[in-house]
Amino acid sequence: MIETNQPAGSVGPHVTPPTSAEPIPEQGTLLVVDDNPNNRDILKRHIERQGFRVMLAANGRLALELLAQHPFDLVLLDLMMPELDGFEVLQRMKASPTLNSTPVIMISALDETSSVVRCVQMGAEDYLAKPFDPVLLNARIHASLEKKRLRDRERKKTAELEEAIAELRRTQDQLVVQEKLASLGALTAGIAHEIRNPLNFVTNFASVSADLVSELQQAWGDQSASKDEVTALLGQLQQNIGKIEEHGKRADRIVRGMLMHSRTSSGQMETTDLNALLTDSVNLAYHGLRARDTAFNVTIETDLDPDLPRLRAIPQDLSRVFINIINNACYAAHDRKKHENKGFSPQVRVQSRAVDSWVEIRVRDNGNGIDAEALPKIFNPFFTTKPAGAGTGLGLSISYDIVVREHKGDLRAQSAPGEFTEFIITLPCCDEEAG
């Protein structure tokens, strides 16, 4: 038993802690705060009969000290007290992060009902009028504790739910990284194929140019060589150097596109040539698919507006969107080819155009299309129309976030089952003043 009794003339309470052999009641611990010792004693006896542990405080200051030292399940708080009255104690409790969830039942005289109403508005759980009825006392205490238990249970469930959501977000972030790495692996194989062509051109033209230099040296030393012969050799050499530069730039562009796709986004907007980004994305997607499946063969047509205005964008992120959507379009067209007769020709069309103050990109395939029931769900995380193991269901969800949230644009899809699917990406044009 814990008691805090205040003898006449004493300054503070005397606290008798429980002995180690004393059984701890299961009902909980209550704090009774009242400056009248008789009221404290009566409340203490009634509450202890219900199996509660009770501590007593003679004024608000002592009550706050006890509240700082011990956890309480409920406080019965007198309204009119010296030093700190019930209003002040209640206000401090509700302002404290550690005490604001502790329920408080106000105790007041019958003529203080209006004050009690004010306390309830301040956050008190309930009130008891003096002199109190024992049955009503028990009912109010148990009702307040039951509401506290429900709130505690709700807070616990909320905390568990928040942790589950946080864990889900962490898992989703890991899946995004894994999908990016898987995509990067497939693109790497495609890049090796794609970059081989310009490198072969560079090697061949460099070799031919070396032979031309030898011939030129011989002709220069041969007094019988005509000026026209020397001029022809110089012309061929100049042409070869131009070809080396052209294919070297092509190889560099492919590598830069690959690096841009693999690089973590800087999050910084920059002026972007959308047509160049689309062209690189088409090449990366196509050759990445070719590297994974030698039977893959889809005709990709491009119709890019040459007068397309430049955009303020995050190119790495938009590149991921374009590659993902083009990949999906090629997959759909190729998949239909595998199940159709030989007369079917799989096609993907990539188009860009300016529409008012927006730029619109359309990617259309002639695959099997998407059912009307599935179409509204395709941007949901983890939803996929591909067979098990063929997709994570995150690509379109990530693409939607990049277009809509990052770039303040729009991403939507339309489809006719058995005929086509078309994705439409809409992005705002550059503000003239922003460059």
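Parameters at a glance
Counting from 1, residues in each chain are numbered in the order their sequence is written. Side-chain atom pairs in this predicted model are given and counted only at pLDDT of 80 or more, local residue features only at pLDDT of at least 70, and totals for whole chains, interfaces and linings cover all residues. Side-chain metrics rest on all non-hydrogen atoms present in the structure, leaving aside hydrogens and water. Here, strands pair whenever DSSP counts at least two bridges between them. Runs of E in the DSSP output that reach at least two residues are strands. Runs of H or I that reach at least four are helices, and both are numbered from the N terminus. The axes are straight lines fitted to the C-alpha atoms, using for helices just the contacting stretch, and the angles between their N-to-C directions are given from 0 to 180°. Every case where a carboxyl oxygen of Asp or Glu lies within 4 Å of a side-chain nitrogen of Lys or Arg is listed as a salt bridge. Partly exposed describes any residue whose relative accessible area lies between the buried limit of under 20% and the exposed limit of over 50%, with all areas from a 1.4 Å probe on protein chains only and scaled to the type maximum. Pairs of N or O atoms are called polar contacts if they sit within 3.5 Å, as long as, within protein, a hydrogen donor faces a hydrogen acceptor (for residues adjacent in sequence, only side-chain-to-side-chain pairs). Each pair of aromatic rings taken from Phe, Tyr and Trp, with Trp reduced to its six-membered ring, is defined by centres within 6.5 Å and is described as stacked if the planes are under 30 degrees apart, edge-to-face if over 60, and tilted in the remaining cases. The criterion is that NZ of a Lys, or CZ of an Arg, lies within 6 Å of the ring centre and within 35 degrees of the ring normal, and then a charge sits over that ring. For classification purposes, angles smaller than 35 degrees are called roughly parallel, those larger than 145 roughly antiparallel, those between 65 and 115 roughly perpendicular, and all remaining angles oblique. Each crossing is labelled by how the near helix is turned from the far one, with a counterclockwise turn of less than a right angle marking it left-handed and a clockwise turn marking it right-handed. Two residues qualify as a contact provided that any one of their heavy atoms is within 4.5 Å of a heavy atom in the partner residue. Under the grouping applied here, Gly and all other residues not named as nonpolar or charged are polar, the nonpolar ones being Ala, Val, Leu, Ile, Met, Phe, Trp, Tyr, Cys and Pro and the charged ones Asp, Glu, Lys and Arg. Grouping buried Ala, Val, Leu, Ile, Met, Phe, Trp, Tyr and Cys residues that are joined through side-chain atoms within 4.5 Å yields what is termed a nonpolar core.

A. Quick look at the sheet that holds strand β7 (residues 126–130). Spatially, β4-β3-β5-β6-β7 is the arrangement adopted by the five strands of the open sheet, whose pairing is parallel. The sheet is open, and its two edges are formed by β4 (53–57) and β7, each paired on a single side. Averaged over all neighbouring strand pairs, the angle between strand axes comes to 20°, with direction disregarded. Here five bridges tie strand β6 (residues 104–109) to β7, and the two strands are oriented parallel to one another. Paired with serine 108 across the strands is alanine 129, a residue of β7.

B. Spotlight on the pattern of salt bridges. For the structure on display, the rule yields 21 salt bridges. Between arginine 362 and glutamate 360 there is a salt bridge, with its nearest N and O atoms 2.8 Å apart. Take arginine 362 and glutamate 360: they sit in the same class, and that class is buried. Salt bridges sharing partners connect three or more residues here, namely Arg353, Glu360, Arg362, Arg364 and Glu422.

C. Fine view of helix α2 (residues 60–69). Of the residues making up α2, those classed as buried are Gly60, Leu62, Ala63, Leu64, Leu66 and Leu67. For α2, the side-chain oxygen to backbone nitrogen distance between the N-cap and arginine 61 is 3.1 Å, and the N-cap itself is asparagine 59.

D. Region of interest: the packing of aromatic side chains. Summed over the entire model, instances satisfying the criterion amount to three aromatic pairs. Ring centres of phenylalanine 379 and tyrosine 400 lie 5.2 Å apart, and the angle between their planes is 40°; this geometry places the pair in the tilted category. Taken together, the residues span a long stretch of sequence, with phenylalanine 379 in the loop between β12 (358–365) and α9 (395–406) and tyrosine 400 in helix α9 at a distance of 21 residues. Taken together, the aromatic side chains of Phe379, Tyr400 and Phe423 make up a single cluster linked through ring pairs. A cation over a ring is seen here: arginine 118 above phenylalanine 87, with NZ or CZ 4.0 Å from the ring centre.

E. Up close: the packing of helix α8 (residues 315–339) against α9. In the contact formed by α8 and α9, the axes pass within 9 Å of each other and the chain directions differ by 140°. It follows that α8 is oblique to α9 by the angle criterion. Handedness of the α8/α9 crossing: left-handed. In contact with Asp317, Leu318, Val321, Asn324, Ile325 and Asn328 of α8, α9 contributes Gly395, Leu396, Ser399, Ile402, Val403 and Glu406. Residue composition of the contact of α8 with α9, by class: six nonpolar, four polar and two charged.

F. A look at unusual backbone geometry. Put simply, lysine 130 and proline 131 share a cis peptide bond, and its omega is -10°. Turning to its location among the elements, proline 131 is positioned in the loop between β7 and α5 (134–221). The residue aspartate 356 is not glycine, and still its phi comes out positive at about 55°. Locating aspartate 356 in the fold gives a position in the loop between β11 (347–355) and β12. The class for aspartate 356 is exposed, based on a relative accessible area of 76%. Phi angles above zero are rare outside glycine, and lysine 408 is one such case at about 55°.

G. Representation of the nonpolar core within the structure. Counting residues in hydrophobic clusters, the biggest one holds 39 residues, and the most contacted among them are Leu274, Phe322, Ile361 and Ile425. Where this core is concerned, the elements lending two or more residues are α7 (274–292), β10 (311–313), α8, β11, β12, α9, β13 (410–416) and β14 (420–428). Of all the elements, α8 adds the most residues to this core, at nine residues. With residues up to four places along the chain from it excluded, the contact list for leucine 274 reads Leu308, Leu311, Leu318, Phe322, Val359, Ile361 and Leu427.

H. Quick look at the packing of α2 against helix α3 (residues 86–95). α3 packs onto α2 with a crossing angle of 25° between their chain directions and a minimal axis gap of 9 Å. What the angle tells us is that α2 and α3 run roughly parallel. When you trace α2 past α3, the crossing you get is right-handed. Touching Gly60, Leu64 and Leu67 of α2 are Val89, Arg92 and Met93, all from α3. In the contact of α2 with α3, the residues fall into four nonpolar, one polar and one charged.

I. Local environment of the sheet that holds strand β9 (residues 299–304). The five strands lie next to each other as β9-β11-β12-β14-β13, forming an open sheet whose pairing is mixed. Each edge of the sheet is formed by a strand with only one pairing partner; in this case those strands are β9 and β13. Put simply, the sheet's adjacent strands are angled 15° from each other on average, direction ignored. In terms of strand pairing, β11 meets β12 through eight bridges, oriented antiparallel. By the bridge assignment for β12, valine 355 is matched with tryptophan 358. Lying on the sheet, α8 is in contact with β9, β11, β12, β13 and β14; it crosses β12 at an angle near 25°. The strands touched by α9 within the sheet are β13 and β14, with β13 carrying the most contacts at an inclination of about 135°.

J. Representation of the environment of asparagine 283. One can find asparagine 283 in helix α7. Classification of asparagine 283 by relative accessible area gives partly exposed; the value is 30%. Sequence separation of asparagine 283 and isoleucine 326 is 43 residues, and the distance between their C-alpha atoms is 10.0 Å.

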